[in-house]
Amino acid sequence: LRLPRNFSQWVIALSFIFQNSYAHLLYAQQWSFLGSIFTPTQASQYYSYVAGLSSLCSMIAGASIDKCVSWMGLPGLLHVAAGSLVCTLLLADWAYGMAERGGFDPSEELVRKRKEKEEKKKHQQEQQVRMPSQQQQRRQQKSPAATPKNHDTNSSKQSKSS
């Protein structure tokens, strides 16, 4: 089997894209989960520790890549990355299942917030519809009172001039 000359460059590029996407997915998933289980008070207490520990672990992992590659090679490191992805998926499923069994389902809160947002938007639209009609009513209230006076004044001027 003969591979194209630039095949390794494509593998490296795709691995780089996968790694960055994977890191962002894990980061977003971590904060999403923490946001769903902590109260605002708990979040203010623990988020700084979680962020600091995450940064520390990232530095240690980055510094150890050279040793890991020399120890197990690039294919071995890719296998470790694939294994960690599977573990992450399983642990995420377990954590969300545990939260749901504990009586907390983040999707219920999302549905509630979406309904509140839709109701607020509907209320604002109703107010915007009422505003022009209220303005028209005010104009109509002002104009009938003003029009006869102007009309009477004009007609009286015309009758006086003739």
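Since we're looking at a predicted model, the values are computed, not measured.

Asker: Explanation requested: the overall build of the protein chain in the structure shown.
Answerer: For the protein chain, the count of helices and strands is 3 helices and 0 strands. Each helix (α) and strand (β) of the protein chain, taken in turn from the N terminus, gives the series α-α-α. Going through the 162 residues of the protein chain one by one, you find that 7% of them count as buried. Counted over contacts in the protein chain with a minimum sequence separation of 6, partners at least 24 positions apart contribute 52%. Carbon and sulfur atoms form 62% of the exposed surface of the protein chain, whose accessible area is close to 14000 Å².

Asker: Help me understand the packing of aromatic side chains, please; the structure alone is not making it clear to me.
Answerer: Centre distance and the angle of the planes are the two values used to describe a pair of aromatic rings. Under the definition given, this model contains 2 aromatic pairs. An aromatic cluster is defined as three or more aromatic residues linked by ring pairs; in this entry it consists of Tyr 27, Trp 31 and Tyr 47.

Asker: Is there a simple way to explain the packing of helix H1 (residues 7-37) against helix H2 (residues 40-101) in this structure?
Answerer: Helices that pack against each other are described as a pair by the angle of their axes relative to one another and the distance between those axes. Where H1 meets H2, the axes come as close as 8 Å, and the angle between the chain directions of the two elements is 155 degrees. Classed by the angle they form, the pair H1 and H2 counts as roughly antiparallel. Crossing hand, H1 versus H2: right-handed. Of the residues in the contact of H1 with H2, the class split is 16 nonpolar, 9 polar and no charged.

Asker: Any chance you could explain H1 here in plain terms?
Answerer: Because an α-helix completes one turn every 3.6 residues, residues spaced three or four positions apart along the sequence face the same direction. For H1, which comprises 31 residues, the first-to-last C-alpha distance of 44 Å matches the rise-based estimate of 45 Å (1.5 Å per residue) to within 8%. If you check which residues of H1 are buried, you get Tyr 22, Phe 33, Leu 34 and Ser 36.

Asker: Just checking my understanding: could you explain the pattern of salt bridges for this structure?
Answerer: Think of it this way: side chains of opposite charge can pair up when their charged atoms draw near. All chains considered together, the criterion is met by 1 salt bridge. The shortest N-O distance in the salt bridge between Arg 112 and Glu 116 comes to 2.8 Å. One end of the pair, Arg 112, and the other, Glu 116, are both in helix H3 (residues 106-161), 4 residues apart, so they sit about a helical turn from each other.

Asker: How should the layout of surface pockets be read in this particular structure?
Answerer: A probe as big as a water molecule, rolled over the atoms, marks out the empty space that is left. Reported here for the largest pocket is a volume of approximately 1600 Å³. Surrounding the largest pocket, 40 residues form its lining, Gln 19, Tyr 22, Ala 23, Leu 26 and Ala 61 being those nearest its centre. Elements supplying a minimum of two residues to the lining of the largest pocket: H1 and H2. Here the element with the most residues in the lining of the largest pocket is H2; it accounts for 25 residues. Residue composition of the lining of the largest pocket, grouped by class: 29 nonpolar, 11 polar and no charged.

Asker: So what exactly am I meant to see when it comes to a nonpolar patch on the surface here?
Answerer: Side chains of Trp 10, Leu 14, Phe 16 and Ile 17 sit close together on the surface and give an oily, nonpolar patch of about 490 Å² of accessible area. Inspection of the secondary structure puts Phe 16 in helix H1.

Asker: For this particular structure, what's the right way to read the confidence of the model for the protein chain?
Answerer: Any region with low pLDDT has predicted coordinates that should not be read closely. The pLDDT averaged across the protein chain works out to 78; a share of 80% of its residues lies at or above 70. No element of the protein chain has a lower mean pLDDT than H3, at 68, and none a higher one than H2, at 86.

Asker: I would appreciate a short explanation of H2 in the present structure.
Answerer: Given a rise of 1.5 Å per residue, 62 residues ought to cover 92 Å, yet the end C-alpha atoms of H2 are separated by just 22 Å, more than 12% below that figure. Of all the bends found along H2, the most pronounced is centred on Gly 73 and spans about 105 degrees, while Pro 75, a proline, follows it within four residues. Taken together, the buried positions of H2 are occupied by Ala 43, Gly 76, Leu 77, Thr 88, Ala 92, Ala 95 and Ala 99. In this fold, the buried residues of H2 make contact with H1. Gly 103 occupies a position one or two residues after H2 and carries a positive phi of about 95 degrees.

Rules used throughout
- Residues numbered from 1 in each chain as written.
- Predicted model: local features only at pLDDT ≥ 70, side-chain atom pairs only at ≥ 80, totals over all residues.
- Heavy atoms only, no water.
- Helix = DSSP H or I, 4+ residues; strand = E, 2+ residues; numbered from the N terminus.
- Buried < 20%, exposed > 50% of the residue type's maximum accessible area, 1.4 Å probe, protein only.
- Contact = heavy atoms within 4.5 Å.
- Areas by Shrake-Rupley, 256 points an atom, 1.4 Å probe, with all protein chains shown as cover.
- Phe/Tyr/Trp six-rings, centres within 6.5 Å; stacked < 30°, edge-to-face > 60°.
- Axes fitted to C-alpha atoms, helices over the stretch in contact; angles between N-to-C directions.
- Parallel < 35°, antiparallel > 145°, perpendicular 65-115°, else oblique.
- Left-handed = near helix turned anticlockwise from the far one by under 90°.
- Nonpolar A, V, L, I, M, F, W, Y, C, P; charged D, E, K, R; others polar.
- Expected span 1.5 Å × (residues − 1).
- Salt bridge = Lys/Arg side-chain N within 4 Å of Asp/Glu carboxyl O.
- 1 Å grid on protein atoms, 1.4 Å probe; cavity = no way out; pocket = protein on both sides within 12 Å on 5 of 7 lines; lining within 4 Å.
- Points joined across faces, edges and corners; volume = space filled by probe spheres on them.
- Patch = residues over 30% accessible without salt bridge, like charges linked within 9 Å, V, L, I, M, F, W, Y side chains within 5 Å.
- pLDDT = per-residue confidence, 0-100.
- Bend = angle between axes of the 7 residues up to and from the residue.

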